[in-house]
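Structural features, examined
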Amino acid sequence: MKFWLGVVFGLVLVALGLLALPRGIAAAQFLAGPRDDAATADYLLTHKTADDYAAAAEKALAAKDEDLAAAIAQLATARGVALPADLTARIKAAEDAAASRTGADAWNGFLSGDAPNEAALAGAVAADLTGVGDVRDLYTQATRYLSGEEIDPLIIGLATVGLGLTAATVATLGAMAPEKAGVSTLKAVKRAGRLSPLLAREVGVAAANALDGPALKLVGSSLARLDLAAARAASGRVLKAEAVTTLKGLGTDVATIGGNAGYRTTVAALGSAKSAKEMGVIARLSARFGTATRAVMVLGGGALTFASMMTTAVVWSLWLVLWIAGLAFGAAKLGRRMGRWIWPVPKPSLHLRRT
């Protein structure tokens, strides 16, 4: 009976080891290593199976989002996860089909500032890089303000910051161009209605609280009489310094994501991020994962912070400790039995006492 109990215990220990060892070791490494965003994402991905990758890629293809499907395939390859051959072939075919399509909306994006797609975004950003888009938006908003109509403080703030960055870009011979492009992208996504409501509310409130009404009026009246010098001078006072810093920082994160991961990841990040802080997390992830960043965002969901993964890591670490304790206990029992088998305990002999 004891023999069979030992066999059952051993089989259970092996089964638990197959589960606990890889995840427990990964959890211990995560807790002991650098507690940054990239390490958190790496640890989170250790819990994803080939089926998780395949399901996410299938969903992306069904939504005709070949960029996301390709990012998922790229991430799977980088992490040694094998996707079904037919799925990989369909992702490649979808990429080829997308590459053959060309956008015809760049000019409309330049004129209106709207960015429903990549080509229109390029046009809107190009307009902002020249300062045309920012002047147009400031004039539109200032005119509304003068007539008592509803205004958009975030558009005003971004246009104001954008004009300042345009001047800085010229003064630095293009050194500020990425930050300027980031702010312009943020404004274009906001105008297209694709900015996350929570993120829009956060930075919109910051811009509204920092808005200088008289300066905005002066911008409108100066532009109305084509006094560009006065309008530019007044635009520098439209927004208080703390809000300018916030919007510049967000624009820098947008530029980082765009440079590392591309247009669709940038728009997806702006559409899903709950705060400016989360945009910073995604920007740092883009430095680690590049064009696969969007796949990390989809597979990771909202669990992209160290705190969100701490409980999981602690639980798997405890599993590892318990498994090691069980292994030590089993090894001790086995060693004891083997020792007795090799060196049996001598049986006591009976000595008859003579009388």
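For the structure, check the block above.
Position numbers for residues start from 1 in each chain and track the written sequence from start to end. Local features in this predicted model are restricted to residues of pLDDT 70 or higher, and side-chain atom pairs are both shown and tallied only at a pLDDT of 80 or more, whereas totals for entire chains, interfaces and linings draw on every residue. The basis for every side-chain value is the complete set of non-hydrogen atoms in the structure, without hydrogens or water.

1. Notes on the side chain of lysine 187
Just so we agree on the cut-off: Strands here are runs of E lasting at least two residues and helices are runs of H or I lasting at least four, both read from the DSSP assignment and numbered beginning at the N terminus. Remark: exposure states derive from per-residue accessible area (1.4 Å probe, protein chains only) relative to the maximum for the residue type, with buried under 20%, exposed over 50%, and partly exposed in between. Residues adjacent in sequence count toward polar contacts only when both atoms are side-chain atoms; beyond that, a polar contact is any pair of N or O atoms within 3.5 Å, and within protein one must be able to donate a hydrogen and the other to accept it.
Take lysine 187: it is sitting in helix α10 (residues 177–191). Look at lysine 187 and you get buried, because its relative accessible area is 1%. Among the polar contacts made by the side chain of lysine 187, one reaches the side chain of aspartate 137 at a distance of 2.4 Å.

2. Overview of the nonpolar core
Heads up, the rule is: For the purposes of this section, nonpolar cores are sets of buried Ala, Val, Leu, Ile, Met, Phe, Trp, Tyr and Cys residues that join through side-chain atoms within 4.5 Å.
Within the largest apolar cluster, 30 residues are counted, with the highest numbers of intra-cluster contacts made by Leu195, Leu199, Leu270 and Met279. Counting residues per element, the ones that place at least two in this core are α9 (153–171), α10, α11 (197–209), α14 (241–261), α15 (263–272) and α16 (276–289). The biggest single contributor to this core is α14, with six residues. Of all hydrophobic cores here, the second largest spans 28 residues; its members include Leu68, Leu83, Ile91 and Ala292.

3. Some details on the pattern of salt bridges
What counts, and what does not: The working definition used for a salt bridge is a side-chain nitrogen of Lys or Arg within 4 Å of a carboxyl oxygen of Asp or Glu.
Tallied over the full model, the rule gives 12 salt bridges. Here lysine 190 and aspartate 152 are joined by a salt bridge, their closest N and O atoms 2.6 Å apart. Residue lysine 190 is located in helix α10, and its partner aspartate 152 is located in the loop between α8 (132–146) and α9; the two are separated by 38 residues in the primary sequence. One salt-bridge network, held together by shared partners, links Asp134, Arg136, Asp137, Lys180, Lys187 and Arg191.

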